[in-house]
Every structure is written in structure tokens, then in C-alpha cells.
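Residue-level structural notes
Chain by chain, the residues run as shown.
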Amino acid sequence: MTSIKATRQPDLVLITWARNPLIPGSPKRIVSVRVIGSSEPCKIDLKHNALLRTALACMLDKEVGFKIIFKKRTSAISGLVLLQR
């Protein structure tokens, strides 16, 4: 009898972000997050109004293993980032 191995499905995280248009140079903040699979151990950083750079620093860490597969600015003050592990 042969053993059947299931392939692991990728974890996907879509983050939408925005800046405060009234404050020049304001940091990018998370507006919403959609997760397919798991975002551990960075789940705590993926909250509404959290800093985008903090969440990305955690997710792009070599031990966590996420990579940016798509990013786009949707306007001068907003955009989105798609990560995959």
C-alpha cells in the first residue's frame, strides 16, 4: 500500500493600508487584513490601525517565511500588499 501525502497549501495575507492625508509624511497604517491559512506568529501585528512596517518586519523575517508577491499603490495615500508563505 502506498502512502498518500497531502501538499501544504500556501498561506496568503492581503493587507490594505492608508496614510493620514492631513499629516505629510505620516506612516502607513493597516486598514484591513484578509488571511487564508495562517498568519502565525505575526497575527498580533495584523490589527486595524497598526503600523504596516511593523507587520511587514515580522512577516518578512526569514524564520516566518512570508514573501511579498504583489504590492500596489491604489492612490497617493493608500495601497495593498499580498504576501505568501
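First, a word on scope: everything that follows refers to the structure included in this document. Keep in mind the model is a prediction, meaning the values are calculated, not measured. (Residues numbered from 1 in each chain as written. Predicted model: local features only at pLDDT ≥ 70, side-chain atom pairs only at ≥ 80, totals over all residues. Heavy atoms only, no water.)

Details of the overall build of the protein chain
As a reminder, the rule being used: Only runs of H or I of at least four residues qualify as helices and only runs of E of at least two qualify as strands under DSSP, and these elements are numbered from the N terminus. The quantity called the radius of gyration is restricted to C-alpha atoms. Its globule counterpart is 2.2 Å times the number of residues to the power 0.38. Think of it in three bands: with a 1.4 Å probe and only protein chains considered, a residue is buried below 20% of the maximum accessible area for its type, exposed above 50%, and partly exposed in between. Residue contacts are defined here by distance: any two heavy atoms, one from each residue, within 4.5 Å place the two residues in contact. Residue burial considers only the protein chains on display, and all accessible areas are found by Shrake-Rupley using a 1.4 Å probe. Counting rule for charge: Lys and Arg are taken as positive, Asp and Glu as negative, and neither His nor the chain ends is counted. A charge is said to be at NZ when it belongs to Lys, at CZ for Arg, at CG for Asp and at CD for Glu.
Of the regular secondary structure elements, the protein chain holds one helix and four strands. Ordering the α and β elements of the protein chain from the N terminus gives β-β-α-β-β. Relative to a compact globule of 85 residues, whose C-alpha radius of gyration would be 12 Å, the protein chain shows 15 Å and is clearly more extended. Counting over 85 residues, the protein chain shows a buried share of 25%. Long-range contacts, defined here as pairs at least 24 residues apart, represent 41% of the contacts in the protein chain between residues at least 6 apart. As displayed, the protein chain offers around 6,200 Å² of accessible surface, 59% of which is attributable to carbon and sulfur atoms. For the protein chain, the distance from the average position of its 15 positive side-chain charges to the average position of its 5 negative side-chain charges is 10 Å.

As for the side chain of Ser78
To be explicit about the condition: Contacts described as polar in this section are N or O atom pairs within 3.5 Å, which, within protein, must combine one atom able to donate a hydrogen with one able to accept it, while residues neighboring in sequence count only if both atoms come from side chains.
Topologically, Ser78 is positioned in strand β4 (residues 78-84). A polar contact is formed between the side chain of Ser78 and the side chain of Thr74, at a distance of 2.8 Å. In terms of polar contacts, Ser78 uses its side chain to reach the side chain of Ser75, at 2.8 Å. If near-sequence neighbours (up to four positions away) are discounted, Ser78 is found in contact with Trp17, Ala18 and Arg73.

Geometric descriptors of this kind do not, in isolation, establish any biological role.
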